[in-house]
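Commentary on secondary and tertiary structure
Residues per chain, in single letters:
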Amino acid sequence: MRLVILGASGAGKGTQAQALAKHFGMKHISTGDILREEVKKDSAICRAVKRLMDRGDLVPDELMLSILEGILVEEDNFILDGYPRTFSQALALNAICDRLGTPIDVAVSIEVPDDEVIQRITGRTVCSKCATMFHTIFLPPKVHGICDVCGATLTQRPDDTMDTVKHRLKLFHALTEPIIDFYRRQGILISRNGVGDAEEIAADLIKTLEEKS
Ligand code: AMP
């Protein structure tokens, strides 16, 4: 099965993608995670990409496409999280899938109001060593600022500050939201309210996908 999952950062698409990938045995491809790994390398391009990410701006389509093409040639059972983010990325993805003869089967859209997204993202912290996620309100660590798992310091992602989150939301509404309609018109869209218990949302999505296949 080939899925894309759409939603604002903080809508819970990463969590849902992980649950679906685990249940259906699909590869979870997160373009944000891939980029965060890439920018650890020390090169002029990586530093430029990191600056864009830290500001909450999008990385150029050509770079994203070259990363994605390499992955999709190897994979035909995946859930794509974070791509497409622009209409031209959606067209490029369709073109790759057409060429490979492996069309996207389902697009899942997770919908969450902006104020909830802001509360979720600005409160989240991540362990600097083992990458475990916490949240000041929803999942506080036992000791403030310290990871429960390994005892290292918790940090905030540079793009999780209030101003950057608002900027990312603006880009989401302007550039990514129109893609939802693109998939709706192809008859492959499943949209779900992303507010509520993450496990219940995942169970409901799994049921819908099982009924579809
Ligand atoms: P995410 O983890 O999905 O919130 O992505 C983090 C950041 O990576 C985004 O704010 C963008 O800077 C960059 N990024 C991830 N996916 C894409 C994409 N498909 N196109 C452009 N930039 C992306």
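Relevant structure appears above.
Let us look at the structure shown here. Not measured: the values here are computed from a predicted model. (Residues numbered from 1 in each chain as written. Predicted model: local features only at pLDDT ≥ 70, side-chain atom pairs only at ≥ 80, totals over all residues. Heavy atoms only, no water.)

**Considerations on the pattern of salt bridges**
Under the criterion given, the structure shown has 18 salt bridges. Between R120 and E116 there is a salt bridge, with the nearest N and O atoms lying 3.0 Å from each other. Here the residue R120 and the residue E116 both occupy positions in helix α6 (residues 114-122), the gap between them amounting to 4 residues, near one helical turn. It is possible to trace a salt-bridge network through shared partners that takes in R124, R157, D159, D160 and R168. (Salt bridge = Lys/Arg side-chain N within 4 Å of Asp/Glu carboxyl O. Helix = DSSP H or I, 4+ residues; strand = E, 2+ residues; numbered from the N terminus.)

**Things to note about a nonpolar patch on the surface**
A cluster of nonpolar side chains, contributed by I137, F138 and L139, occupies part of the molecular surface with about 310 Å² of accessible area. On the secondary structure map, L139 appears in the loop between β6 (133-135) and β7 (154-155). (Patch = residues over 30% accessible without salt bridge, like charges linked within 9 Å, V, L, I, M, F, W, Y side chains within 5 Å. Areas by Shrake-Rupley, 256 points an atom, 1.4 Å probe, with all protein chains shown as cover.)

**What to know about the sheet that holds strand β1 (residues 2-6)**
Across the sheet, which stays open at both edges, the 5 strands sit in the order β2-β3-β1-β4-β8 with parallel pairing between neighbours. With one partner strand each, in any of the chains shown, β2 (27-30) and β8 (189-193) form the two edges of the open sheet. The average undirected angle you get between the axes of adjacent strands in this sheet is 20 degrees. One ladder, built from 5 bridges, connects strand β4 (residues 106-111) with β8; its direction is parallel. Bridge assignment links A107 to a residue of β8, and that residue is L189. Along the sheet, helix α2 (residues 31-38) makes contact with β2 and β3 (78-81), crossing β2 at roughly 65 degrees. (Pairing = 2+ DSSP bridges. Axes fitted to C-alpha atoms, helices over the stretch in contact; angles between N-to-C directions. Contact = heavy atoms within 4.5 Å.)

**Considerations on the site of the ligand**
Not every one of the 17 residues close to the ligand is listed here, only the nearest: T31, R36, D57, G82 and Q89. At 2.8 Å from a nitrogen atom of the ligand is found a side-chain nitrogen or oxygen belonging to T31. Here the ligand loses 97% of its free accessible area of 480 Å² to cover by the protein chains. In terms of residues, the shell around the ligand owes the most to one element, α2, which gives 4 residues. A breakdown of the residues in the shell around the ligand according to their chemical character gives 6 nonpolar, 5 polar and 6 charged. (Near = heavy atom within 4 Å. Polar contact = N/O pair within 3.5 Å; in protein donor to acceptor, adjacent residues only side chain to side chain. Nonpolar A, V, L, I, M, F, W, Y, C, P; charged D, E, K, R; others polar.)

**Description of the pairing of strand β5 (residues 124-127)**
Alternating residues of β5 divide into R124 and V126 and T125 and C127, and every residue in both groups is buried. Two successive antiparallel strands, β5 and β6, enclose a turn made up of 5 residues, where A131 displays a positive phi of approximately 70 degrees. (Buried < 20%, exposed > 50% of the residue type's maximum accessible area, 1.4 Å probe, protein only.)

**Quick look at the side chain of R2**
Mapped onto the fold, R2 is located in strand β1. A polar side-chain atom of R2 sits 3.2 Å from the main-chain carbonyl oxygen of D76. Beyond its immediate stretch of four places on either side in the chain, R2 contacts D76, F78, T102, P103, I104, D105 and V106.

**Points about the packing of helix α5 (residues 87-100) against helix α7 (residues 162-185)**
Taken N-terminus to C-terminus, the directions of α5 and α7 make an angle of 40 degrees; their axes are 8 Å apart at the nearest point. When the axes of α5 and α7 are compared, the pair comes out oblique. Seen from α5, the contacting residues are F87, A90, L91, L93 and N94; seen from α7, they are L175, I179, F182 and Y183. Each residue belonging to the contact of α5 with α7 can be placed in one class, and the counts come to 8 nonpolar, 1 polar and no charged. (Parallel < 35°, antiparallel > 145°, perpendicular 65-115°, else oblique.)

**Some points on the nonpolar core**
Core analysis: the largest hydrophobic core is formed by 27 residues, its most contacted members being L80, L93 and Y183. With 5 residues, the top contributor of residues to this core is α5. Counting 24 residues, the second-largest nonpolar core is a separate cluster that includes L169, F172, I201 and L205. (Core = buried A, V, L, I, M, F, W, Y, C linked by side-chain atoms within 4.5 Å.)

**Quick look at α2**
When α2 is considered as a whole, its buried residues turn out to be T31, G32 and L35. Down the axis of α2, the sector holding all buried residues measures 100 degrees, keeping them to one side. As for α2, its buried residues are in contact with β2, α3 (44-55), α4 (61-74) and β3. (Arc of directions from axis to C-beta.)

**Focus: the side chain of R168**
Counting through the fold element by element, R168 comes out in helix α7. Exposure remark for R168: the relative accessible area of 13% places this residue in the buried category.

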